[in-house]
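Notes for the structure review
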Amino acid sequence: MESIPFGLAALVTLFSALRVVRSPNLVHAALWLGLALLGTAALFAVLGASFLAGVQVLLYIGGVMTLTLVGIMITRRHDGLNVPAESIGHVRAGVVSVALFAVLAWAISATPGLDAAPLGPDATTQDIGHALVGTHVLAFEVVSMLLLAAMLGAIVIARRKDPAPHAVTHLHVPATAVREAAE
Amino acid sequence: MNELVHGALYGTLIATAILSTIAMGIWFERKFAGRMQQRLGPTIVGPAGLLQPFADIIKLLQKEDIVPRDADRGLFDLAPILAVVCSLGVAAVIPFSPSIIASDLDVGVLWVLGIGGLMVIPTFAAGWGSNNKFALLGAMRAIAQSVSYGVPLVLAVLVPVVLSGSLSISGIVAWQAQHHWFAVWPIVPGLPAFVIFFLAMLAESNRIPFDIPEAESELVAGITTEYTGAKFTLFYMAEYVHTLVGSALGAALFFGGWDGPFAPGLHWMVLKTLTLFVLIYWVRWSLLRFRADQLMRLCWTWLTPIGVALLLVSAAWVTFGGTN
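Presented here is an overview of the structure given in this document. (Residues numbered from 1 in each chain as written. Chains lettered and ligands numbered in written order. Predicted model: local features only at pLDDT ≥ 70, side-chain atom pairs only at ≥ 80, totals over all residues. Heavy atoms only, no water.)

**Observations concerning the overall build of chain B**
Stated precisely, the cut-off is as follows: Note on conventions: DSSP H or I runs of at least 4 residues are helices, E runs of at least 2 residues are strands, and numbering of each starts at the N terminus. Relative accessibility thresholds used throughout: buried, under 20% of the residue-type maximum; exposed, over 50%; partly exposed, between the two (1.4 Å probe, protein chains only). Only heavy atoms matter for contacts: two residues are in contact if any of them lie within 4.5 Å across the pair.
Within chain B, the regular secondary structure consists of twelve helices and zero strands. Traced from its N-terminal end to its C-terminal end, chain B shows the element sequence α-α-α-α-α-α-α-α-α-α-α-α. Residues counted as buried form 51% of the 324 residues belonging to chain B. Here the contacts in chain B between residues at least 6 apart in sequence split such that 77% fall between residues at least 24 apart.

**Some details on the environment of V12 of chain A**
Residues and elements named next belong to chain A. Residue position: V12 is located in helix 1 (residues 3-22). Take V12: its relative accessible area is 37%, and that puts it in the partly exposed class. For the pair V12 and L38, spaced 26 residues apart in sequence, the C-alpha separation works out to 9.1 Å.

**Brief notes about the packing of aromatic side chains**
So the rule is basically this: Two rings belonging to Phe, Tyr or Trp (six-membered ring only in the last case) form a pair when the distance between their centres is within 6.5 Å. Interplanar angles under 30 degrees mark stacking, angles over 60 mark edge-to-face geometry, and anything in between is tilted.
By the definition in use, this model includes 14 aromatic pairs over all chains. Plain terms: the ring middles of F15 of chain A and W32 of chain A are 5.6 Å apart, the flat faces sit at 85 degrees to each other, and that makes the pair edge-to-face. Here F15 of chain A is found in helix 1, whereas its partner W32 of chain A is found in helix 2 (residues 26-46), with 17 residues between them in sequence. On the basis of relative accessibility, which here comes to 45%, the residue F15 of chain A falls in the partly exposed class. Judged by centre distance (5.9 Å) and plane angle (20 degrees), the rings of F124 of chain B and W128 of chain B are stacked. Placement of both F124 of chain B and W128 of chain B in helix 5 (residues 120-129) is noted, with a separation of four residues, approximately one turn of the helix. W128 of chain B matches F124 of chain B in its accessibility class, with the two residues each being buried.

**Notes on the pattern of salt bridges**
Residue and element names in this part refer to chain B. Spelled out, the test is: The salt bridge criterion pairs a side-chain nitrogen of Lys or Arg with a carboxyl oxygen of Asp or Glu, the two atoms within 4 Å.
Taken as a whole, this structure holds six salt bridges over all chains when the rule is applied. With a shortest N-O distance of 3.4 Å, K231 and D65 are connected by a salt bridge. With a gap of 166 residues between them, K231 in helix 10 (residues 229-254) and D65 in the loop between helix 2 (52-62) and helix 3 (73-89) connect regions that are remote in the sequence. Residue R73 is joined to D77 by a salt bridge in which the shortest nitrogen-to-oxygen separation is 3.0 Å. You can see R73 and its partner D77 sitting in helix 3, four residues apart, about one turn around the helix. Accessibility expressed as a relative area gives 47% for R73, which makes it partly exposed. Linked through salt bridges whose partners overlap, the residues forming this network are D65, R73, D77 and K231.

**What about the interface of chain A and chain B?**
Interface size, as often reported, equals the accessible area lost upon joining of the parts. Here is the rule: Note on terms: buried area is the combined drop in 1.4 Å-probe accessible area of two parts once they are placed together, counting the loss on both. Here a polar contact is recorded for every N or O atom pair within 3.5 Å, except that within protein the pair must consist of a potential hydrogen donor and a potential acceptor, and residues adjacent in sequence are included only if both atoms are side-chain atoms. Residue polarity is assigned by list, with Asp, Glu, Lys and Arg as charged and Ala, Val, Leu, Ile, Met, Phe, Trp, Tyr, Cys and Pro as nonpolar; anything else, Gly included, falls into the polar class.
Taken together, the contacts link 24 residues of chain A with 22 residues of chain B. Carbon and sulfur atoms make up 81% of the surface buried where chain A meets chain B, a total of about 1900 Å² over both sides. Connecting chain A to chain B are zero salt bridges. Taken together, the connections running from chain A to chain B amount to two residue pairs in polar contact (both at pLDDT 80 or more). For the side of chain A that touches chain B, the secondary-structure elements that each account for two or more residues are helix 2, helix 3 (50-74) and helix 5 (125-133) of chain A. The element that contributes the greatest number of residues to the side of chain A that touches chain B is helix 3 of chain A, accounting for 14 residues. For the side of chain A that touches chain B, a count of residues per class yields 16 nonpolar, seven polar and one charged.

**So, unusual backbone geometry**
All names here are of chain B. One non-glycine residue, A48, adopts positive backbone phi at about 55 degrees. Mapped onto the elements, A48 comes out in the loop between helix 1 (2-36) and helix 2. Here F262, not a glycine, exhibits a phi torsion of approximately 70 degrees, which is positive. Considering the arrangement of structural elements, one finds F262 in the loop between helix 10 and helix 11 (265-286). Look at F262 and you get exposed, because its relative accessible area is 90%.

Okay, structure coming up:
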């Protein structure tokens, strides 16, 4: 019974992920990305990880997706926002994708102890919270330090060396021109 | 399967109730605005103009459906539908009485924030799809505004979450029914958090004094510039749904939801929701529109730091003494 909603969510996710890379229209691609992320959230929800599903919607669609859209809007060029969706090397791309998938699948299946996850499938939100700031508090803090470093880096990159406020040069209008205009 | 049937049944009921309330809310707003401006408001259609909203709806639906030639047809058509879906979706986890709730998620607060955050997508789709500079400018303002006000909104909503120790909205309401309403006690994180929630909610639903995205004197009508007929009606409806559902959320998070003496829970919830709804109208018809920079200054230099401070106070309240 559970496999039907799972299959539906997976189908939607895969289809929209395909549209993300195949759509020639940048805006459409971004919106398809939103649907793909929503589908991932639905997968989490079907599997009973409602906290993850909520966080997925909140962070990925509310955050990443929104930033992407704002980025597109701000950097809007004139009409014809089309980007070529056709790649030159289908075969090479296909080989690399399959290889990547194989490596990931092998790594996941070869990692021991995945079944003995620290939190079982019945973990409530409270359990997750306790685990995050209890047993795994070090990892939690390290991740937040990483985010802080990324934020500082972004600020450093974005900060221009602003000139002194008075350095704005006025237009030099020749005094004679002013006099002529006044007359 | 039982849960599915329950969700579909109650979801339909709640959605119908909300949409009917909105029809009457439009009548009430026009009357209320009229009285505040020393006018009578609608009087012709039906007794005391009560049938006015229906006349309005019939009028709107009769209008020609115009799609601009160079519009992005798919986005243009999708946007109004998504707007209604996102604003109605929030209502799914709000308990209108101990038993009347469409889906009692244990991460209800996350659902509310997540689905509320999705409102950016229809706004963008409408602004971009219309292929109109006013619509695009309106969408940019709306998105900047809702992203900024999302921060104080989350901070304010986290106060009841921390105080009650629950992420489920029905859990938060049940906690308040057992102990006390958060807007009343502890008054220091509670009441200011409600004020921040209220302001952020007004800003997220683009109501006056925060209706900069629709500033008709500058932007024609913002994202709805190119919309006519049924699609315009959907946007109009989505705004009202957003306001009403936001009121219900405020009532549930800060005023104890269905908790109250003498009457059934549903009555109390409806009373509290409508009180907040009227409060929004009152603000709307009393105040002028903010400027965009004033809006952003209010958000980032006042509401956000105060929100962080309130969150810390509520954490301290729970840790030291408090009522838990």
